[in-house]
Amino acid sequence: MTRSDFGSPPRDGRIVILTGAGISKESGLDTFRDANGLWSRVRIEDVATPEAFARDPARVQAFYNARRRGLREAAVTPNAAHRALVALEQRWPGEILLVTQNIDDLHERAGSEKLIHMHGELFKARCLACAGIMDWRDDLESTTLCPGCNSTGGLRPHVVWFGEMPLEMDRIYQALADCDLFVAIGTSGTVYPAAGFAMEALAAGAHTVELNLEPSAGPSAFAERRLGPATRIVPDFVERLLSDR
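Calculation notes
- Residues numbered from 1 in each chain as written.
- Predicted model: local features only at pLDDT ≥ 70, side-chain atom pairs only at ≥ 80, totals over all residues.
- Heavy atoms only, no water.
- Buried < 20%, exposed > 50% of the residue type's maximum accessible area, 1.4 Å probe, protein only.
- Helix = DSSP H or I, 4+ residues; strand = E, 2+ residues; numbered from the N terminus.
- Arc of directions from axis to C-beta.
- Pairing = 2+ DSSP bridges.
- Axes fitted to C-alpha atoms, helices over the stretch in contact; angles between N-to-C directions.
- Parallel < 35°, antiparallel > 145°, perpendicular 65-115°, else oblique.
- Left-handed = near helix turned anticlockwise from the far one by under 90°.
- Contact = heavy atoms within 4.5 Å.
- Nonpolar A, V, L, I, M, F, W, Y, C, P; charged D, E, K, R; others polar.
- Right-handed = clockwise from strand over helix to strand, strands pointing away.
- Salt bridge = Lys/Arg side-chain N within 4 Å of Asp/Glu carboxyl O.
- Disulfide = S-S within 2.5 Å.

Within helix α6 (residues 169–178), burial applies to M169, I172, A175 and L176. Across the axial projection of α6, the buried residues extend over an arc of 125°, all falling on one side.

Here's what the structure looks like:
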């Protein structure tokens, strides 16, 4: 089968979708690299590196405790873009893999199942003493007891910090090598390795699409670009993709 004029994959084609903070912005969560994003208000080196945790664990825990509490607020719910990706997963006959840079749980709450959190999950904790990973929705403190090994001081957010390797990279690169369509949604294109995914997919012969509020940074590996709020352009794109099929 051939692709359509607007770049959809074959009817049983394989799709890889990458989402970033822009898809959750309309759900009330801060982005990172916008003019008023998180990294304009706090230094990465102070809260998002292994060295920061070793130097001042209380400060790091406080930063993520605040974000965890924010994610629990009743007003923070999946939006139309999250729900559109669930509809695509449910209705597309081929393989789909959703890879998110986000550490929130909005994709899961919307109903996504074929999902990789490459940067970890805010509602999970990891123990440095026993390497256990567990669901965690409350605050973490230096005195918090690990349920797995009963040690204290070793629990940290299950979040990939700068200088650490993102999760499940072998699986992601294999999916990129095999996909027919790659779609990046709401990501700045400045953080590697995710910033290189479009080029990986393009080199493998996939059609590449960016759905974003504004163009991402750096040289473009996208054959197609649609700009606007995620809650408008993602449902429109999904509907066109499914209608074309």
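Ordered by their spatial adjacency, three strands build an open sheet running β5-β4-β6, and the pairing between neighbours is antiparallel. The outermost strands of the open sheet, each flanked by one partner alone, are β5 (133–135) and β6 (155–159). This sheet shows a mean twist of 45° between the axes of neighbouring strands, independent of strand direction. For strand β4 (residues 120–127) and β5, the ladder comprises three bridges, and the chain directions are antiparallel. Paired with R126 across the bridge in β5 is I133.

If you trace the six strands from one edge of the open sheet to the other, you get β3-β2-β1-β7-β8-β9, paired in parallel fashion. With one partner strand each, in any of the chains shown, β3 (115–117) and β9 (224–227) form the two edges of the open sheet. Geometrically, the sheet is characterised by an average inter-axis angle of 15° between neighbouring strands, direction not taken into account. Relative to β3, strand β2 (residues 96–100) is paired through three bridges, and the arrangement is parallel. Note on β3: the bridge partner recorded for V99 is I116.

A few words now on the packing of helix α4 (residues 80–91) against helix α8 (residues 230–244). In contact at an axis separation of 8 Å, α4 and α8 are set at 15° when each is read in the N-to-C sense. Our classification of the angle between α4 and α8 gives roughly parallel. The way α4 lies across α8 gives a crossing that is left-handed. Across the interface between the two elements, A80, A81, A84, L85, A87, L88 and R91 of α4 pack against A230, T231, V234, P235, V238, E239, L241 and L242 of α8. Residue classes in the contact of α4 with α8 are distributed as 12 nonpolar, one polar and two charged.

What follows covers the pairing of strand β8 (residues 207–212). With six of six residues buried, β8 lies mostly within the body of the structure. Because side chains alternate across β8, one face comprises the buried residues H207, V209 and L211, and the other comprises T208, E210 and N212, equally buried. Relative to β8, strand β7 (residues 181–185) is paired through five bridges, and the arrangement is parallel. Counted as the bridge partner of V183 is V209 from β8. Regarding topology, helix α7 (residues 197–203) serves as the crossover connection from β7 to the parallel β8, and that connection is right-handed.

Moving on: the pattern of salt bridges. What the rule picks out here adds up to 10 salt bridges. Close ionic contact of R109 with D105 constitutes a salt bridge, the shortest N to O distance being 3.0 Å. For R109, a relative accessible area of 36% corresponds to the partly exposed category. Judged by its relative accessible area of 14%, D105 falls in the buried class. Close ionic contact of R156 with E164 constitutes a salt bridge, the shortest N to O distance being 2.8 Å.

So, about the state of the cysteines. Following the criterion strictly, the structure yields zero disulfides and no others. No disulfide involves C130; its sulfur sits 3.7 Å from the nearest other cysteine sulfur, which is in C127. Judged by relative accessible area, which is 36%, C130 ranks as partly exposed. Here C149 stays free of any disulfide, with the sulfur of C127 as its closest cysteine sulfur at 3.8 Å.

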